[in-house]
Amino acid sequence: MFNPTSFNECLQEWADLEKDYQQVQETHRLYKQKLEEVTKLQNNCSNAIARQRKKLRELATSLEECKEKHEIEKLSPEETNALEEIQDSIKDRPNVFFEMESFLPKKNGLYLTLVLGNVNVTLLNKQSKFAYKDEYEKFKLVLTVILFLFSFTCRFLFSNRALDALFNFLLVWYYCTLTIRESILISNGSRIKGWWVFHHYVSTFLSGVMLTWPEGALYQMFRNQFLTYCLYQSFVQFLQYYYQSGCLYRLRALGERHNMDLTVEGFQSWMWRGLTFLLPFLFFGHFWQLYNGVTLFRMTQLPECKEWQVVMCGCSYLVLFMGNFFTTLRVVYQKYMDNQDKPKSL
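Residues numbered from 1 in each chain as written. Predicted model: local features only at pLDDT ≥ 70, side-chain atom pairs only at ≥ 80, totals over all residues. Heavy atoms only, no water.

### What about the environment of valine 119?
The condition is simple: Secondary structure is summarised from DSSP: a helix means a run of H or I of at least four residues, a strand means a run of E of at least two, and numbering begins at the N terminus for each.
For valine 119, the position within the fold is in the loop between α3 (110-116) and α4 (126-157). The sequence separation of valine 119 and lysine 106 amounts to 13 residues, and the corresponding C-alpha distance is 9.9 Å.

Here it is as structure tokens:
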């Protein structure tokens, strides 16, 4: 590194800096110009997609009206084939538009607007999207391990209400962070099914209620059952992450899954091949949620039950059980019916 030692050298260094400064200004001017051009292109592309969607809806409606009037029956075989190709293309276009829009700025949903305001969270290149997705997966894995160790400590080593409160606060923070990150990932093209997002909101509420539950006989009555359930849940989540990430990697390499697909705390259709062994662990966890809910509702019948947290936690566990159980059951049933139909079609 050059360090001027005389006045003349300082003048020469200043002249070089001035020349470099002019270049920096020109580069920044060009950057702002290109940024304005990109913004204009983004707006044009978004408007063009909106127009395409509107026109496609109108065309699909017109085709349905033609079917009702039996005009299609009068078409020649070539025209019938052309019509089928048009209908297939109309069905495929939403997926293409979805892919395009994942690289375009869009308005945040209600939740992100409440949390972040109107900040643009769309990442505009694939590398940034993949990096954010991978960071999300690592965040889940690290926190799952921490929660497992924390719940083990509270369950078997230290019985302290302040430590329990810290554990529940960590759960609240974890689930709140997951909901925000998942909303950002959805804005960037991740296709997370509705329930697997919503159940994190329920889990956030449940953890918040557990955090406010005061020390007492009823809390101590449920404490060990709750911490043991948290231990099992963390173990199953680690299993799911480990096997789902490997399965997703193989399916992406085969071109059968989207690059922004994520691991989830449940069972989806793409897991049917290779991950069905996880189903017993999942169903056992679902019924444990039901057992927690039933236990809490039985506690409400006790004469010393005065805390509102007992009912709220019971309702939350029942909602989690019904959502997880019936969503998983629906996926299993659909895949079973699909496999039954395959031999018939052959």
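From this point on, the discussion continues.
### Describing empty space enclosed by the protein
What counts, and what does not: Definitions used throughout: a 1 Å grid over protein atoms alone; a cavity as a set of points that fits a 1.4 Å probe which cannot get out; a pocket as an open set with protein on both sides within 12 Å along at least five of seven lines; a lining residue as one with an atom within 4 Å of a point. Grid points are joined across faces, edges and corners, and a volume is the space filled by probe spheres set on the points. Side-chain classes are defined by residue name, with Ala, Val, Leu, Ile, Met, Phe, Trp, Tyr, Cys and Pro counting as nonpolar, Asp, Glu, Lys and Arg as charged, and the others, Gly among them, as polar.
Scanning all chains against the criterion turns up six cavities of 30 Å³ or more. In this structure, the second largest cavity is lined by 13 residues; those nearest its centre are Tyr175, Leu206, Ser207, Tyr229 and Gln233. Among the residues making up the lining of the second largest cavity, the classes are represented as nine nonpolar, four polar and no charged.

### Regarding a nonpolar patch on the surface
Test applied: Only residues whose relative accessible area exceeds 30% and that take part in no salt bridge are eligible for patches, with like-charged residues grouped when within 9 Å of each other and nonpolar side chains (Val, Leu, Ile, Met, Phe, Trp, Tyr) grouped when within 5 Å. To measure how exposed things are, a 1.4 Å probe is used in the Shrake-Rupley method; for residues, cover is taken only from the protein chains shown. Should a side-chain nitrogen of Lys or Arg be within 4 Å of a carboxyl oxygen of Asp or Glu, the pair is scored as a salt bridge.
Together, Val145, Phe148, Leu149, Phe235, Phe238, Tyr242, Phe277 and Phe281 make up a nonpolar patch on the protein surface, roughly 720 Å² of accessible area in all. Within the fold, valine 145 resides in helix α4.

### Overview of the side chain of glutamine 309
The line we're drawing: Counting of polar contacts relies on pairs of N or O atoms within 3.5 Å, with two restrictions inside protein: one atom must be capable of donating a hydrogen and the other of accepting it, and residues adjacent in sequence are counted only when both atoms are side-chain atoms. It only takes one pair of heavy atoms within 4.5 Å for two residues to be counted as in contact.
Considering the arrangement of structural elements, one finds glutamine 309 in helix α9 (residues 309-345). For glutamine 309, the side chain forms a polar contact with the main-chain oxygen of threonine 212, separated by 3.0 Å. Filtering out sequence-adjacent residues up to four positions away, glutamine 309 remains in contact with Val209, Thr212, Trp213 and Pro214.

### Some words on a negative patch on the surface
Basically, it comes down to this: Charge assignment: positive for Lys and Arg, negative for Asp and Glu; neither His nor the chain ends contribute. To locate a charge, take atom NZ for lysine, CZ for arginine, CG for aspartate or CD for glutamate. Burial classes follow relative accessibility: with a 1.4 Å probe on protein chains only, a residue under 20% of its type's maximum area counts as buried, one over 50% as exposed, and anything between as partly exposed.
Negative charge collects at one region of the surface, where Glu84, Glu85, Asp88 and Asp92 lie side by side. A residue is classified by how much of its surface remains accessible, and aspartate 88, at 44% relative accessible area, is partly exposed.

### Considering the packing of aromatic side chains
Aromatic rings in a pair are described by how distant their centres are and how their planes are angled relative to each other. Applied cut-off: Stacked, tilted and edge-to-face pairs are distinguished by plane angle, under 30 degrees for stacked and over 60 for edge-to-face with tilted covering the rest, among Phe, Tyr and Trp rings (Trp via its six-membered ring) whose centres lie within 6.5 Å. Here, a charge over a ring means that NZ of Lys or CZ of Arg falls within 6 Å of the ring centre while also lying within 35 degrees of the ring normal.
Per the counting criterion, the structure on display carries 23 aromatic pairs. Among the aromatic residues, those joined into a cluster by ring pairs are Phe150, Phe167, Trp213, Tyr219, Phe222, Phe226, Tyr229, Tyr232, Phe284, Trp288 and Tyr317. One cation-aromatic arrangement involves lysine 129 over phenylalanine 103; the distance from NZ or CZ to the ring centre is 4.7 Å. Cation over ring: arginine 181 sits above phenylalanine 139, and NZ or CZ is 4.2 Å from the ring centre.

### Here's the deal with the packing of helix α5 (residues 161-187) against helix α6 (residues 194-212)
Heads up, the rule is: In this analysis an axis means a line fitted to C-alpha atoms, helices contributing only their contacting stretch, and an angle means the value between N-to-C directions, from 0 to 180 degrees. Geometric relationships in this document are graded by angle, where less than 35 degrees denotes roughly parallel, more than 145 denotes roughly antiparallel, 65 to 115 denotes roughly perpendicular, and other angles denote oblique. By convention, the crossing between two helices is left-handed when the near helix turns anticlockwise from the far helix through less than a right angle, and right-handed when the turn is clockwise.
Contact geometry for α5 and α6: axes closest at 8 Å, N-to-C directions at 160°. With respect to each other, α5 and α6 are oriented roughly antiparallel. Judged by the twist between their axes, the crossing of α5 over α6 is left-handed. Taken together, the residues of the contact of α5 with α6 break down into 13 nonpolar, eight polar and two charged.

### With respect to the nonpolar core
This is how it is decided: Within this scheme, the nonpolar core is defined by two criteria: the residues are buried Ala, Val, Leu, Ile, Met, Phe, Trp, Tyr or Cys, and they are joined through side-chain atoms within 4.5 Å.
The biggest cluster of nonpolar side chains holds 45 residues, and the ones touching the most others in it are Phe167, Met210, Trp213, Phe222, Phe226 and Leu296. Of all the secondary-structure elements, those providing two or more residues to this core are α4, α5, α6, α7 (217-253), α8 (279-299) and α9. For this core, the element with the most residues is α7, which contributes nine residues. When residues no more than four places from it in sequence are discounted, the contact partners of phenylalanine 222 are Met210, Trp213, Asn292, Thr295, Leu296, Met299 and Tyr317. In terms of nonpolar packing, the next biggest core, distinct from the first, is built from seven residues, Ile49, Leu56, Ile90 and Phe97 among them.

### Looking at the pattern of salt bridges
Under the counting rule described, the total for this entry stands at six salt bridges. One salt bridge connects arginine 181 with glutamate 135, and the closest N-O pair in it is separated by 2.4 Å. You can see arginine 181 sitting in helix α5 and its partner glutamate 135 sitting in helix α4, a full 46 residues away along the chain. A relative accessible area of 17% means that arginine 181 is categorised as buried. With a relative accessible area of 37%, glutamate 135 lands in the partly exposed category.

By themselves, these observations are geometric and do not establish any function.
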